[in-house]
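Each chain is listed here by its residues.
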Amino acid sequence: MKPIRALNLLAALAAPMITAVRAQDTPPYRDFKLGVEQRVDDLLGRMTLEEKVDMVSGGGWMESKANARLGIPALKMADGPVGVRAWFGPSALTMKANSPLPTITSTAFPAGVALGATWDPELLREVGKTIGQEARALGRDMMLGPGVNMVRAPLAGRNFEMYGEDPYLTSRLVVGYIQGMQSEGIIATVKHFAANNQEHERQTIDAKIDERALREIYLPAFRAAVQEAGVWAVMSAYNKVNGFWCAENSWLLTDVLKKEWGFKGLVVSDWMGTHSTVATANAGLDLEMPGAESIRRYIAAGVPQNSGDIGSRGAMQTPEKLLPLVRGGEVKEAAIDDKVRRLLRVMFAHGLFENPKPGGGVVDTPAQRTLARKAAGEGMVLLKNAGGVLPLLPQKVHSVAVLGPNAAVARTGGGGSSSVKTNHAISPLDAVRERAGTAIQVSYAESLPEAAELAAKADVALVFAGDSAEVEREGRDRESMDLPAGQDELIEAVTKANRNTVVVLNVGAPVAMDRWIERAPAVVNAWFPGEEGGHAIADVLFGDVNPSGKLPVTFPRKLEDSPSWGHYPGKDGVVEYAEGIYVGYRHFDKKNIEPLFCFGHGLSYTKFEYSDLQVSAREVSLKVRNAGGRDGAEVVQLYVRQVAPSVDRPVKELKAFRRVELRRGEAWPISFSLDQSALAYYDPAKKDWVTEPGKYEVLVGASSRDIRVRGTFELTK
Ligand code: GLC
């Protein structure tokens, strides 16, 4: 036999053995054809106790620990809910103008409350997906958002980040956002679990909340994130709930989240939000962030202790502290295994071991900016438009005066960890100038007396006022609902100088308007509208976009009218949620208090008619017609009331909604299915939800107080 053929024969015989050897070389956990749980089991079984304990505390400011021996990558995280913020340190450092840390820019989407005002879950899906694309392009695996805490108190500093006062609205929106983001292979982190509803003493406050309020108001959005959206990470909040720190609250983290809801992902602490070693390890926290070394580094770098970003806590789950306790049996190894299992499961589920990672993502593209503009426009709420001052039509309006402290600056977002550095923010002034072109003359002044003079000379005065990232921010609540100093006076002066005054607000939460609201014929709430907010404001003012936003929070006439008045921000480290389930419009309805602008309120440049309501216990159908002269979108809201409940219940509760776009003159049939859970209340004595037979009323309308059609049905069993 010729040598060559002998070699070929040898190679042919050896091949299966080589493959077998290679297969033996490739451990199952590296075989992405295997199931996630198989890979987790295999890898977990290869880890020493020391390696497992090492995994449950962070490796950096925004990274988990890697394991070189087994090739376990670090989980790379970034804030936040409306865009990718630089992950090198707290926002107190990364958002500084001359930050010592590398700069990361990405698309700054509108703040959570503006997204809440869209009432458009499919839009939220697109936003979540797009932020996921940007995270992938920037090499991150996990985003720290969405924030879903209920807006309980008007002054709370992070209200702007959340989706409003109603658990059903928030749930529908964040399910879309999370599914969109995770469809891009990026892990979403729903936060802050639970009841982080104020910034005042946020690191220490103890929220006393009855179980019915927790179940019906404060937990539903987290439950939807877990059970409907399949969120892979949950962030425990800084505060206590009913006496226990959230990071060591076994009722929240183990009984409810993991056992009752079946959560299979990862519970990560808020940054420096841990206070113990044994209690935290045994209560169900899986990963403590950030890493101890990075805390030391930033405190050494002088990050202000009172910024709220750097507490004097954290670094409780480090190996030095935890390993002796595991060896001593105070923390079971099984508890450590469960933490590591969850971490590995999230990693395998998102392909973190496979290189190159699926897809590459894109960041800061025109298409992403277009989505940001669309979202800002859909979230804009036309609060008032007496006499049809808006939209600005060239055949009617030949000159506008652009006035106020928020005119020449882009108020893209609120302050703190959700902040995003962007390359493209445009101010309302620049956007109005761009849109007006030569057809309409534009003048500008920031404040009195020049503002009043310009207002007097123009056909329409546009006053841009409201808050900034310094006023509405993480770590601090507002002192009052008042606008920043001087703005009321400015608006009053302008409305006196020109009866065609439009007030445009950048606010992420209710503000007082009593000093000028009667004199201002038109008011638009632009919220913190992201980098494309200027363009979106011009789109709405000039009628290129017909406003369809609806308030996700009630705007009270005065602070004393709000549900948390008298039990916020708490005393001696405790805040009593004495209002119970009566949060937001539930309170105003129950107490029969007229708000300034109600939950679900938002006007349009056209008008919609509701008719043909059909109601049964399972299904509600109706017809909506665009009876005005412009195409537009309407958010049809469906509330349910139990007519004679055996327990105290809200007058009505939001149980369905639909955003419909209708051409002028067009009519559209809409139907909603009602499942039993929509009718239930939580009974703490039974520790279960109860749906009582009896009569229910269905109220359908354009806001919680603009009910257009109503009907009843009898629930027999
Ligand atoms: C902050 C915030 C949290 C953020 C985290 C990381 O303190 O409470 O929302 O994701 O720390 O920056």
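Residues numbered from 1 in each chain as written. Predicted model: local features only at pLDDT ≥ 70, side-chain atom pairs only at ≥ 80, totals over all residues. Heavy atoms only, no water.

A. Highlighting the overall build of the protein chain. A count of helices and strands for the protein chain gives 20 helices and 24 strands. A compact globule built from 717 residues should have a C-alpha radius of gyration of about 27 Å, and the protein chain, at 27 Å, falls within 12% of that. If one aligns the C-alpha atoms of the protein chain with their principal axes, the spans along those axes are about 100 × 60 × 60 Å. Put simply, 77% of the contacts in the protein chain that link residues at least 6 apart link residues at least 24 apart. (Helix = DSSP H or I, 4+ residues; strand = E, 2+ residues; numbered from the N terminus. Rg over C-alpha atoms; globule rule 2.2 N^0.38 Å. Contact = heavy atoms within 4.5 Å.)

B. The arrangement of the sheet that holds strand β10 (residues 399–403) in detail. Reading across from one edge, β9-β14-β13-β12-β10-β11 is the order of the 6 strands in this open sheet, with mixed pairing throughout. Of all strands in the sheet, those bounded by a partner on one side alone are β9 (381–385) and β11 (441–445). Sheet twist, expressed as the average angle between the axes of neighbouring strands with direction ignored, equals 15°. In the packing of helix α18 (residues 487–497) onto the sheet, contacts are made with β10, β12 (460–466) and β13 (501–506), and the angle to β12 comes to roughly 170°. (Pairing = 2+ DSSP bridges. Axes fitted to C-alpha atoms, helices over the stretch in contact; angles between N-to-C directions.)

C. Just the site of the ligand, in detail. Lining the immediate surroundings of the ligand are 14 residues, of which Asp-79, Lys-191, His-192, Tyr-238 and Asp-270 lie closest. One of the side-chain N or O atoms of Arg-85 is found 3.5 Å from an oxygen atom in the ligand. Taking Arg-202, its side chain carries an N or O atom lying 3.3 Å from an oxygen atom of the ligand. Mapping the ligand onto the cavity grids shows that it belongs to the largest cavity. Considered class by class, the residues forming the shell around the ligand number 5 nonpolar, 2 polar and 7 charged. (Near = heavy atom within 4 Å. Polar contact = N/O pair within 3.5 Å; in protein donor to acceptor, adjacent residues only side chain to side chain. 1 Å grid on protein atoms, 1.4 Å probe; cavity = no way out; pocket = protein on both sides within 12 Å on 5 of 7 lines; lining within 4 Å. Sits in = over half its atoms within 2 Å of the grid points. Nonpolar A, V, L, I, M, F, W, Y, C, P; charged D, E, K, R; others polar.)

D. Layout of the nonpolar core. The biggest cluster of nonpolar side chains holds 125 residues, and the ones touching the most others in it are Ile-72, Met-142, Phe-193, Tyr-218, Val-231, Trp-271 and Leu-344. Not counting residues within four places of it along the chain, the set of residues in contact with Phe-193 comprises Leu-219, Phe-222, Val-234, Met-235, Ser-236, Ala-237, Cys-246, Leu-252, Leu-253, Leu-257 and Trp-261. Core analysis: the next-biggest nonpolar cluster, separate from the first, contains 36 residues, Leu-403, Ala-445, Leu-454 and Phe-555 among them. (Core = buried A, V, L, I, M, F, W, Y, C linked by side-chain atoms within 4.5 Å. Buried < 20%, exposed > 50% of the residue type's maximum accessible area, 1.4 Å probe, protein only.)

E. Geometry of the sheet that holds strand β17 (residues 619–626). Strand order in the open sheet made by the 3 strands is β16-β17-β20, with antiparallel pairing throughout. This sheet does not close on itself; its edge strands, each paired only once, are β16 (608–615) and β20 (667–673). Within the sheet, the average angular offset between the axes of one strand and its neighbour, ignoring direction, is 20°. Across 6 bridges, β16 lies against β17 in antiparallel orientation. By the bridge assignment for β17, Val-615 is matched with Val-620.

These figures come from the coordinates and say nothing about function on their own.
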